[in-house]
Amino acid sequence: MSVADAELKQKVEELIAANPVLLFMKGTPDMPRCGFSMRVVQALDSIDVEYGAIDVLPALQPLREVTAEISDWQTFPQLYVNGELIGGADIVEEMLESGELAEALGVEQPATPPAAAQAAPPAQSPPLQIE
Amino acid sequence: MIEAALPGAEVEVVDETGTADHLRATVTAPQFEGLSRLDQHRLVKAAVKPRFEDGAIHALSLKTSPPR
């Protein structure tokens, strides 16, 4: 692993530790650049949770290598909750439907179906940047 | 390919875009018993990794479970 990658790995580990709910995605919550990333944004917005989001596109390959080491997972999106990888779009959606996602995030599962909840304004932190 | 890596697995693959590179797979395998969803997905992704590396597959949506 190069010095640059080691620094990136440390930066990523710090971000995961500092943000209780952190999404690594392609694009931003306002403008997802991949359908899978968009699905996770919609899932998070539907349960009205605050989260940090990191656009992986500017450093896609290095971030793949770093997350492969940290979490044995190298596709994006990746959702971390309290420092643990939860999964990508498929797992997040399954957990949303089963109520496990709300439970993991410590929020109430809304009574409205996700499709209706999407109309609500999203609660999200400003995008985070990797320097 | 998935069936070769996970003997006894039942695999159903749907070609979502008609271009055979965006796939959705439902996999039921005895090897998933006791594993988290993350680990179930890791097993399937490891099995199909060569097809991602040679560019045959761009996206794979997964739903995994142990047999009922």
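Model, not experiment: these values are computed from the prediction.

Colleague: I would appreciate a short explanation of the overall build of chain B in the present structure.
Modeller: Counting secondary structure elements, chain B contains two helices and three strands. Starting at the N terminus and walking to the C terminus, you meet the elements of chain B as α-β-β-α-β. Radius of gyration (C-alpha) of chain B: 12 Å, near the 11 Å computed for a compact globule of 68 residues. Reported as C-alpha extents along the three principal axes, the dimensions of chain B are approximately 35 × 20 × 20 Å. Counting over 68 residues, chain B shows a buried share of 32%. Sequence separation of at least 24 residues holds for 53% of the intrachain contacts in chain B that already meet a minimum separation of 6. Within the structure as shown, chain B displays about 3900 Å² of accessible surface, and the carbon and sulfur contribution to it stands at 52%. The positive charge centre, built from 8 side chains, and the negative charge centre, built from 10, are 7 Å apart in chain B.

Colleague: Mind showing me how you'd approach unusual backbone geometry here?
Modeller: Backbone geometry follows two general trends: most residues other than glycine have a negative phi, and most peptide bonds adopt the trans configuration. Residues and elements named next belong to chain A. A cis geometry characterises the amide bond from Phe-76 onward to Pro-77, with omega recorded as 10°. One can find Pro-77 in the loop between helix 3 (60–71) and strand 3 (78–81). For Asp-48, which is not glycine, the phi dihedral falls at a positive 60°. Its location among the elements puts Asp-48 in the loop between helix 2 (35–46) and strand 2 (52–55).

Colleague: Honestly, the environment of Gly34(B) in this entry has me stumped. Any pointers?
Modeller: Looking at the secondary structure, you find Gly34(B) in the loop between strand 2 (22–28) and helix 2 (37–53). Taking the C-alpha atoms as reference, Gly34(B) lies 8.2 Å from Pro66(B); in sequence the two are 32 residues apart.

Colleague: Is there a simple way to think about the pattern of salt bridges in this case?
Modeller: Pairing is possible between side chains that carry opposite charge, provided their charged atoms lie close to one another. Summed over all chains, the structure comprises 10 salt bridges over all chains. Across the pair Glu53(B) and Lys49(B) runs a salt bridge whose closest N-O atoms are separated by 3.6 Å. In this pair, Glu53(B) and Lys49(B) both sit in helix 2, four residues apart, roughly one turn of the helix. With a relative accessible area of 58%, Glu53(B) lands in the exposed category. Put simply, Arg39(A), Asp90(A) and Glu93(A) are held in one network by salt bridges that share partners.

Colleague: Would you mind showing me how to read the interface of chain A and chain B here?
Modeller: Accessible area lost on assembly of the parts is the figure often given for the size of an interface. Listed as interface residues are 16 residues of chain A and, on the opposing side, 12 residues of chain B. Each partner contributes to the roughly 1100 Å² buried at the junction of chain A and chain B, and carbon and sulfur atoms together form 49% of this total. Three residues stand out in chain A for area buried against chain B, namely Trp73(A), Asp90(A) and Glu94(A), and they jointly supply 45% of the buried area on that side. There are three salt bridges connecting chain A and chain B. The salt bridge partner of Arg42(B) is Asp72(A), with a shortest N-O separation of 3.5 Å. At the junction of chain A with chain B, the criterion picks out seven residue pairs in polar contact (both at pLDDT 80 or more). Elements with a contribution of two residues or more to the side of chain A that touches chain B: helix 2, strand 4 (84–87) and helix 4 (89–98) of chain A. Element by element, the count of residues in the side of chain A that touches chain B is highest for helix 4 of chain A, at five residues.

The rules behind the values
- Residues numbered from 1 in each chain as written.
- Chains lettered and ligands numbered in written order.
- Predicted model: local features only at pLDDT ≥ 70, side-chain atom pairs only at ≥ 80, totals over all residues.
- Heavy atoms only, no water.
- Helix = DSSP H or I, 4+ residues; strand = E, 2+ residues; numbered from the N terminus.
- Rg over C-alpha atoms; globule rule 2.2 N^0.38 Å.
- Buried < 20%, exposed > 50% of the residue type's maximum accessible area, 1.4 Å probe, protein only.
- Contact = heavy atoms within 4.5 Å.
- Areas by Shrake-Rupley, 256 points an atom, 1.4 Å probe, with all protein chains shown as cover.
- Lys, Arg positive; Asp, Glu negative; His and termini not counted.
- Charge placed at Lys NZ, Arg CZ, Asp CG, Glu CD.
- Salt bridge = Lys/Arg side-chain N within 4 Å of Asp/Glu carboxyl O.
- Buried area = accessible area lost by both parts, 1.4 Å probe.
- Polar contact = N/O pair within 3.5 Å; in protein donor to acceptor, adjacent residues only side chain to side chain.

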